[in-house]
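Coordinates in review
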Amino acid sequence: MRRAAPPPQPKMAALKHRRTALERVEKFISEVYFTDCNLRGRLFGDRCPAASLSCFQTPRRIPYDEAVRQEFTPAKVGDSFGPTWETCWFKVELSIPPTWAGREVHFVWESDGEGMVWRDAQPVQGLTKEGEKTSYILTSSLKETEPHSMTLYVELACNGLFGAGKGSMIAPPDPDRRFTLTKAELVIFNRDVYELLVDLEILLDMAQLLGEENQRSFQALYTANQMVNVCDVSDPSTFPAARDLAAAIFSQRNGESQHTIHAVGHCHIDSAWLWPYEETIRKCARSWVTVVRLMECNPELTFACSQAQQFEWVRSWYPGLYAQIQDFVAKGRFIPVGGTWVEMDGNLPSGESMVRQFLQGQRFFQEQFGQICSEFWLPDTFGYSAQLPQLMRGCGIRRFLTQKLSWNLVNTFPHHTFFWEGIDGSRVLTHFPPGNSYEMHGRVEEMLKTVKNNKDKGRVNHSAFLFGFGDGGGGPTQKMLDRMKRMSDTDGLPRVQISTPDRLFSVLEKESSQLCTWVGELFLELHNGTYTTQAQIKKGNRECERILHDVEVLSALALARSSTFQYPTSELQRLWRLLLLNQFHDVLPGSCIQLVVEDALRYYAGEQGVWMGEHWVLAGGAPEVSTLDCQALWVRPVQEDGSITMENGVIAVCLDSMGRLTSLHLVGSERESVPEGCYANQFALFDDVPLYWDAWDVMDYHLETRKPVTTLLKPLEISLAGGLRGSASFSLQIGKSSTLTQEIILDATCPYLRFLTQVEWKEAHKFLKVEFPLLVRSTNATYEIQFGHLQRPTHWNTSWDWARFEVWAHKWLDLSEHGFGVALLNDCKYGASAHRNVLSLSLLRAPKSPDATADMGHHQFTYAVMPHRGSFQDAGVIQCAYNLNFPLHPVPASSAQCPEAWSSFSVSSPAVVLETVKQAEDSPGAMVVRLYEAHGSTVVAWLRTSLPVQEATLCDLLERPVAGGCLPLEQRGIRLSFTPFRVLSLLLVLRRMVTQPPPWAASSSV
Ligand SMILES: [Zn+2]
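Everything quoted here is computed from the prediction, not taken from an experiment.

The next subject is the coordination of the zinc ion. Taken together, the protein ligands of the zinc ion are His268 (NE2), Asp270 (OD), Asp380 (OD) and His585 (NE2), with distances of 1.9 to 2.1 Å. Its four donor atoms give the zinc ion angles of 89 to 153° at the centre, a pattern that matches the irregular case. Expressed as a motif, the donor residue spacing for the zinc ion is H-x1-D-x109-D-x204-H. Of the residues examined, His268 reaches a relative accessible area of 2% and is grouped as buried.

Below, the structure written as structure tokens:
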């Protein structure tokens, strides 16, 4: 009788308890638990300290050549260095043990400062622990022929990835912080262990995140569990079997309908923020050299990089690295994006400044890399002007990427991929990476979020995924890439491909037939304090925009009149670039540390110096003073109550002893502007304590803390009783220790009343505004933006309405009903609001982070109120706001001769503003003039000029002639047709010029 063979033993199945299986895998790869016996504990093999370590410390950021000539003194691991912002240079002698032949050897450096490794006088690797960059790979397999000994230098910046905030990230920097060197050694890196760890991390994430309703979660869990079973951590020969299990599950493919993620390497670098501009230069070098190293080992890696200014920094300070970057740009892997000089603020720069951001940026990219950018890239900016689509289109850009609206506090933006339409009707294809971040790590969780979060499911099936540590963290890591390789096409997860912005947008364009359109501004419902914080920076910006405008106009006119005139081309480029740099999205908004504010104000002072140093003269659109009837202007006290009345034949006002308007009306009209019992020019102080982002945010609840400013220091008294100018002055106490002095000025024939204001500001977490309650009823107020204006509601009906309790404007805002309205003009303010019938201008804030001294001290600014008949367009509000911002520049005449009047340009339609006159970038004998339609109307305008124009051609904002754009020169001038808010640029070629007397020998108007 034969005995039956025993049945085959089934392979031990995973047991049934999901949680123990999950946690078992977790512990197997844990960095904290069981590292004595788990897989993680085997990641590194033998270690060997540096043969010698010495250092030299300096308060300056110095070049390598200078640093290595200094005297180095012995140092050791555990030493600390500082204080903040100093630099410590280390000389590190290394000697790899010969027994490590065949092994992968890393130099490991850990510190809380930001490090750069130099080898053979070249930067080779950035080392920033916060960006998971602690290893410089010396060899992937040590050969006997390789040198085993070498000298490296490490340049250690005494600041962290986010500066040196004391206690919290955005707190002002601790000036005395010390930075510690915690590791400087050679180690063997076990690549096979690392690969297994990456496999297991992904399987564990899939098991946890796909959820119990998804069978794929269990497949991942049981695979991981089985891998732990087959893996003997002390015997690497067991690893391949475990890896095969992982490979088998990762290679189970998706169906055709699966979403595709376009992963692009990225490293968001703030051009200045919690550290000064100078440190950013090093952050760029540390980060980009790290990217270049990673590209050398990963031929698929792409990297999108914005901000021409940062390329320019690296070009001048790190030419060797820059040459390597140029190679990768040529290969299409290091990809310049954005097209702008910096990632600027999206609200406050003027229209012309925004044009120059693109002009300087795109020209730089063209010159350096032979290509302009086809997408605008502004992931981190605090809102986006409704004029941007037209400016992008004019600069060769049809695509836009950002994600900041995911920070909205109140409303969730309804799209991730859509057409964005500006105030003129221009449209750009816009994409917000649906994962709501530009600093992804290539994890399962982020992939799932990208798909789940996408608001345009069913319309598009592709989205962007920007991965990499920013701000000096060195961008992508090997691990991020290795994760995404495994996830490239695995059932249960979206498809992931390393891609480029161009590939993504090309696919989106093909899929765009079902996309929705968003019309108007992309308003960020957060960070509304940035329209006001750091008033001196805002003022510097507005002033320098004016100065550069004036210098360009005058230089261009001088050039037109005299061929011997040297147009200051390179000087103007230098000054524009400084102004554009200060428009960076943490500088102009005022969300930077004190060191950055000092730099910014110094740059502005340089530009103001240029103006003061030259003998320019410019006549604006101000009235001819010689023909005034001086009797028309008077200022009179009203005896009984200390109030004063002023009248100039155009407007009449009554002011109380606190400088408040109790009456404002047009002479000859009974129509009053100030409601009975109300005061206009009423100052109000609010508590201003946000939830976290101090310099950035003013919260809705600040409105509940309003206190009118009513403590009089000096009552209103007449300063100038009449003639060409009348004025009255007063002083107020604000809060506990601040004071305000104001001179209220009425000029002859002027249709607005000016408020020249001086404030000594010493508050903490207070917000000062000035309010104008008006006898005007309208559900919308109008605000000037770049090259145009838009309306916002004056009510709080919906959450979208009340989320705009604090908004931005440029030179004016207006509240009008049919036939009558009142405008509020300003010369350097941006924050404003209009609620019901009250227009408010935001004047000063007092945040304490990240600059504890923000806005403390003296301020001077001017605003004005202008009642008007008819619409603000017909009443000339736009022109008056220009006049307030571009005051007349009188200069002493050299002789008593009275020259004949001379005008260089005139435009037939009041709807059209001639904004810019400059030399053409590519043709020194030509000039560019830029005009825009400001009323929101379709209009034909004739541009007349007395300059010797030979040829006129329409061009785009990059000054490239438009096909078929040649314009005939007619008797009436050049015929231009505008649609609402259309910006037109013209190239004017001048005839061979004969030297004529300079235009400022005569009175001129531009
Ligand atoms: Zn940023």
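There is more to say after this.
Moving on, we come to the pairing of strand S38 (residues 831–835). Counted residue by residue, S38 has four buried out of five residues, so it is predominantly covered. Inspection of the sheet shows strand S35 (residues 807–808) paired to S38 by two bridges, in the antiparallel sense. Residue Val807 lies in a different strand from S38, and its bridge partner there is Ala832. Pairing of S38 with strand S39 (residues 838–845) involves four bridges; the strand directions are antiparallel. Bridge pairing in S39 links Ser833 to Ser840.

Strand order in the open sheet formed by five strands is S43-S44-S49-S46-S47, and the pairing between neighbours is antiparallel. Here the strands that pair on one side only, and so sit at the sheet edges, are strand S43 (912–919) and strand S47 (961–967). The average undirected angle you get between the axes of adjacent strands in this sheet is 30°. Two elements, S43 and strand S44 (residues 926–933), share seven bridges in a ladder whose sense is antiparallel. Within the sheet, the bridge partner assigned to Gln919 lies in S44 and is Met927. On top of the sheet, helix H14 (residues 535–561) reaches S43, S44 and strand S49 (983–990); it is set at about 65° to S43, its chief contact.

A few words now on helix H6 (residues 277–297). End to end, H6 covers 31 Å across 21 residues, agreeing with the expected 30 Å (1.5 Å per residue, within 8%). A large share of H6 lies buried, amounting to 18 of its 21 residues.

This part covers the packing of H6 against helix H7 (residues 308–317). Packing of H6 against H7 leaves a shortest axis separation of 9 Å and a crossing angle of 80°. It follows that H6 is roughly perpendicular to H7 by the angle criterion. In contact with Tyr277, Thr280, Ile281, Cys284, Ala285 and Trp288 of H6, H7 contributes Gln310, Phe311, Trp313, Val314 and Trp317. Along the lines of polarity and charge, the residues of the contact of H6 with H7 split into nine nonpolar, two polar and no charged.

To continue, consider the sheet that holds strand S32 (residues 766–773). Here we have six strands laid out as an open sheet, ordered S27-S26-S32-S39-S38-S35, and antiparallel in their pairing. Of all strands in the sheet, those bounded by a partner on one side alone are strand S27 (707–708) and S35.

Our next topic: the pairing of strand S23 (residues 643–647). On a regular strand, each side chain points to the face opposite its neighbour's, so the side chains alternate between the two faces of the sheet. Judged by how many residues are buried, S23 sits mostly within the fold: five of five residues are covered. Residue alternation in S23 divides its side chains into two sets, Ser643, Thr645 and Glu647 and Ile644 and Met646, and both sets are buried. Two elements, strand S22 (residues 634–638) and S23, share five bridges in a ladder whose sense is antiparallel. Paired with Arg636 across the strands is Thr645, a residue of S23.

Moving on, we come to the pattern of salt bridges. Across all of its chains, the model carries 57 salt bridges by this definition. In this structure, Arg40 and Glu31 form a salt bridge, with 4.0 Å as the shortest nitrogen-oxygen distance. For Arg40, a relative accessible area of 13% puts it in the buried group. If you follow the salt bridges from partner to partner, you end up with Arg61, Glu114, Glu155, Glu278, Glu279, Arg282, Lys283 and Arg286 in one network.

With that settled, the discussion passes to the UniProt feature "domain: Glycoside hydrolase family 38 central" (unreviewed entry) in the chain. Under the local residue numbering, the UniProt record ascribes the feature "domain: Glycoside hydrolase family 38 central" (unreviewed entry) to residues 525–604. Annotated as residues 525–604, this span is 65% helix and 0% strand, and its ends, taken at the C-alpha atoms, are 30 Å apart.

It is worth spelling out the layout of surface pockets at this point. If you add up the space inside the second largest pocket, you get close to 1,500 Å³. For the lining of the second largest pocket, the secondary structure elements donating two or more residues are helix H1 (18–28), strand S1 (44–49), strand S6 (104–111), strand S9 (135–139), strand S11 (179–189), helix H3 (191–209), H6 and helix H12 (478–486). With seven residues, H3 is the largest single contributor of residues to the lining of the second largest pocket. For the lining of the second largest pocket, a count of residues per class yields 16 nonpolar, twelve polar and 22 charged.

Thresholds applied
Residues numbered from 1 in each chain as written. Predicted model: local features only at pLDDT ≥ 70, side-chain atom pairs only at ≥ 80, totals over all residues. Heavy atoms only, no water. Donors = N, O, S within 2.8 Å, 3.2 Å for Na, K, Ca; no water. Tetrahedral: all angles 85-135°; square planar, octahedral: opposite > 155°, others 65-115°. Buried < 20%, exposed > 50% of the residue type's maximum accessible area, 1.4 Å probe, protein only. Helix = DSSP H or I, 4+ residues; strand = E, 2+ residues; numbered from the N terminus. Pairing = 2+ DSSP bridges. Axes fitted to C-alpha atoms, helices over the stretch in contact; angles between N-to-C directions. Contact = heavy atoms within 4.5 Å. Expected span 1.5 Å × (residues − 1). Parallel < 35°, antiparallel > 145°, perpendicular 65-115°, else oblique. Nonpolar A, V, L, I, M, F, W, Y, C, P; charged D, E, K, R; others polar. Salt bridge = Lys/Arg side-chain N within 4 Å of Asp/Glu carboxyl O. UniProt positions renumbered as here; feature names shortened; annotations may be inferred. 1 Å grid on protein atoms, 1.4 Å probe; cavity = no way out; pocket = protein on both sides within 12 Å on 5 of 7 lines; lining within 4 Å. Points joined across faces, edges and corners; volume = space filled by probe spheres on them.

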